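Structural overview
Spelled out from the first residue to the last, the chains are:
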Amino acid sequence: MNNEINTKSNGSSAEPPGAKGVLECLRSSRQFVMCAHEKPDGDVLGSGFALGMALKRIGKDVVYFLDDDVPANLRFLPESQLTQRTFDGVADDAIFVFLDMSDQWRAGKALNWVPPERIINIDHHLGNHRFGRWNLVVESEAATGSLVLGLIVALGVPITSDIATCLLAAIISDTGCFMYSNADPHTIRLAASLMEAGAQKDRINEQLYQTRTFSGQKVLGRALDTATLTDDGICYSVVSRAMLEEFGATYEDLEDVVGALRAVDRCEVSALLKEAPDGTFRVSMRSRGRINVMAAAKKLGGGGHFRAAGATINATQDQALSAVLTAIRAEMAEGARAAG
Ligand code: 5GP
Ligand code: MN
């Protein structure tokens, strides 16, 4: 890919605030640790591997820290076999690159200790806490991968086909293969240039959207079968650990369920409550576009985007469900007030 493509934030000609500092740090430091959020997705991993490959090309030392397994459907990403769960080989002056998360806590317990002065924070979530010494946060970008592409181009590193595949996976993952409203012309232009650079679009889509475990499909069926649609347009379902065990499915298999619930014609907001292995509940919420589920998630101690958000709730199933419905309804009332 030629380096003349306009990767600037959503077509604006200005470099996003924060980019300069991040670039200076990337150029001047020696070692970087790529850090993902819990339940890593295509955006956080694709962004990390792409930036890691680019930094290696300019002679930097890179560690991919992941206190988790790479999800099966993302193991095709170049570098995915290099992630490590320990800090072996991480030097005292290493810089930690937190990707795709609005606060440091999202990276999980293993990364809580990292002090702000060693953190680069690259993100596109609403209400990012600017928790790093260097922060590149552009809420209007569809994916963190878009911001990483801008950084790699600015570093003067050529976009290899492997880098392009990782970044296109990031964009495809966060735009629902260009279906969501965040897939604006700017994002689609970036994606087109990544395809021109050799990104494997078909492979990415097959892995992200066309490949599911049989047990995962069974759990999807059960979650839809037991879903509730309320009169005020909330479509929700609960997946317990027992349900996962019954089908031999994993948490990772539940990716699509909340989207399938949102597809219901009378649904304004969908919610999926998932019982985590530690007994807490994770909620995923999706909005059809009128209700801000990020604000609802925030009330539950989480965050995300206007149309896609989540939180972790430490409560019994009934309490968690009730808290989720209350938070969504508060946002619905807020939306109704705002609409006059
Ligand atoms: P998902 O429902 O797919 O887990 O997450 C949807 C969106 O909300 C993603 O952008 C994700 O990063 C964000 N999100 C999910 N859970 C949390 C959370 O507990 N805290 C914050 N801040 N964001 C979350
Ligand atoms: Mn993202």
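None of these values were measured; they are calculated from a predicted model.

On to the domain arrangement of the protein, then. Note: interface size is frequently given as the accessible area lost on complex formation between the parts. Assigned domains within the protein: domain 1 (9–209) and domain 2 (214–339). Relative placement of domain 1 and domain 2: their C-alpha centres are 26 Å apart. Contacts between the two partners involve 9 residues from domain 1, matched on the other side by 9 residues from domain 2. Of the roughly 910 Å² buried where domain 1 meets domain 2, counting both sides, 55% is carbon and sulfur surface. At the boundary of domain 1 with domain 2, the tally comes to 0 salt bridges. Viewed at the interface, domain 2 and domain 1 are joined by 3 residue pairs in polar contact (both at pLDDT 80 or more). Of the residues that constitute the side of domain 1 that touches domain 2, the class distribution is 5 nonpolar, 3 polar and 1 charged.

The protein atoms that coordinate the manganese ion (ligand 2) are Asp-43 (OD), Asp-100 (OD), His-124 (NE2) and Asp-174 (OD), at distances spanning 2.1 to 2.3 Å. Taken in chain order, the donor set of the manganese ion (ligand 2) reads D-x56-D-x23-H-x49-D. Of this pair, Asp-43 sits in helix 2 (residues 42–57) while Asp-174 sits in helix 4 (residues 161–175), placing them 131 residues apart in sequence. Accessibility classification places Asp-43 together with Asp-174 in one group, the buried group.

What follows is about unusual backbone geometry. A positive phi is found at Asp-100, a non-glycine position, where the angle reads about 65°. Looking at the element boundaries, Asp-100 is found in the loop between strand 4 (95–99) and strand 5 (119–123). At Phe-178, a position not held by glycine, the phi torsion is positive, near 70°. Within the secondary structure, Phe-178 is located in the loop between helix 4 and helix 5 (185–196).

Attention now goes to helix 1 (residues 19–28). Those residues of helix 1 that fall on the buried side of the exposure criterion are Ala-19, Val-22, Leu-23, Cys-25 and Leu-26. Summarising the axial view, the buried residues of helix 1 lie within an arc of 160°, below the 170-degree limit, and thus occupy one face. Opposite the packed face of helix 1, turned more than 90 degrees from it, sit the exposed residues Lys-20 and Ser-28. Packing partners of the buried residues in helix 1 comprise strand 1 (31–35), helix 2, strand 4, strand 5, strand 6 (134–137) and helix 3 (144–155).

What describes two packed helices is the angle between their axes and the distance between those same axes. Where helix 2 contacts helix 4, the two axes come as close as 7 Å, and the packing angle between them is 160°. As judged from the angle between their axes, helix 2 and helix 4 are roughly antiparallel. Handedness of the helix 2/helix 4 crossing: left-handed. Every residue of helix 4 that contacts helix 2 at Gly-42, Asp-43, Gly-46, Ser-47, Phe-49, Ala-50, Met-53 and Ala-54 is listed here: Asp-162, Ile-163, Cys-166, Leu-167, Ala-169, Ala-170, Ser-173 and Asp-174. Classifying every residue of the contact of helix 2 with helix 4 by side-chain character gives 9 nonpolar, 4 polar and 3 charged.

Moving on: the site of ligand 1. The environment of ligand 1 is formed by 16 residues, the closest being Arg-106, His-125, Arg-282, Ser-284 and Arg-286. Interatomic distance of 2.8 Å between a side-chain N/O atom of Arg-286 and an oxygen atom of ligand 1. A distance of 3.2 Å separates a nitrogen atom of ligand 1 from a polar backbone atom of Gly-303. For ligand 1, whose accessible area on its own is 490 Å², the fraction buried by protein is 86%. Sort the elements by how many residues they give to the shell around ligand 1 and strand 12 (residues 308–313) lands first, with 5 residues. The residue inventory of the shell around ligand 1, partitioned by class, reads 3 nonpolar, 9 polar and 4 charged. When residues of the shell around ligand 1 are assigned to domains, at least three fall in each of domain 1 (9–209) and domain 2 (214–339).

Turning next to the side chain of Thr-230. Mapping Thr-230 onto the fold places it in the loop between strand 7 (228–229) and strand 8 (234–239). Judged by its relative accessible area of 12%, Thr-230 falls in the buried class. A distance of 2.5 Å separates polar atoms of two side chains, one belonging to Thr-230 and the other to Asp-232.

This brings us to the pairing of strand 9 (residues 269–275). With 7 of 7 residues buried, strand 9 is to be regarded as a mostly interior element. Neither face of strand 9 is exposed, since Val-269, Ala-271, Leu-273 and Glu-275 on one face and Ser-270, Leu-272 and Lys-274 on the opposite face are all buried. Two elements, strand 8 and strand 9, share 6 bridges in a ladder whose sense is parallel. Within strand 9, the residue paired with Ile-234 across the bridge is Val-269. Sheet topology places strand 9 next to strand 10 (residues 281–287); 7 bridges connect them, and they run antiparallel. Following the sheet pairing, Leu-272 is matched in strand 10 by Ser-284. Two successive antiparallel strands, strand 9 and strand 10, enclose a turn made up of 5 residues, where Gly-279 displays a positive phi of approximately 90°.

A word on empty space enclosed by the protein. This model, assessed by the stated rule, comprises 2 cavities of 30 Å³ or more. There is about 80 Å³ of room inside the largest cavity. Mapped by element, the contributors of at least two residues to the lining of the largest cavity are strand 1, helix 2 and strand 2 (61–65). In this model, the second largest cavity occupies a volume close to 50 Å³. Around the second largest cavity, the lining residues are Arg-212, Thr-213, Gly-216, Gln-217, Leu-220, Asp-253, Asp-256 and Val-257. Ranked by residues supplied to the lining of the second largest cavity, first place goes to helix 7 (residues 214–225) with 3 residues.

Reading the values: the criteria
- Residues numbered from 1 in each chain as written.
- Chains lettered and ligands numbered in written order.
- Predicted model: local features only at pLDDT ≥ 70, side-chain atom pairs only at ≥ 80, totals over all residues.
- Heavy atoms only, no water.
- Domains from an automatic or database assignment.
- Contact = heavy atoms within 4.5 Å.
- Buried area = accessible area lost by both parts, 1.4 Å probe.
- Salt bridge = Lys/Arg side-chain N within 4 Å of Asp/Glu carboxyl O.
- Polar contact = N/O pair within 3.5 Å; in protein donor to acceptor, adjacent residues only side chain to side chain.
- Nonpolar A, V, L, I, M, F, W, Y, C, P; charged D, E, K, R; others polar.
- Donors = N, O, S within 2.8 Å, 3.2 Å for Na, K, Ca; no water.
- Helix = DSSP H or I, 4+ residues; strand = E, 2+ residues; numbered from the N terminus.
- Buried < 20%, exposed > 50% of the residue type's maximum accessible area, 1.4 Å probe, protein only.
- Arc of directions from axis to C-beta.
- Axes fitted to C-alpha atoms, helices over the stretch in contact; angles between N-to-C directions.
- Parallel < 35°, antiparallel > 145°, perpendicular 65-115°, else oblique.
- Left-handed = near helix turned anticlockwise from the far one by under 90°.
- Near = heavy atom within 4 Å.
- Areas by Shrake-Rupley, 256 points an atom, 1.4 Å probe, with all protein chains shown as cover.
- Pairing = 2+ DSSP bridges.
- 1 Å grid on protein atoms, 1.4 Å probe; cavity = no way out; pocket = protein on both sides within 12 Å on 5 of 7 lines; lining within 4 Å.
- Points joined across faces, edges and corners; volume = space filled by probe spheres on them.

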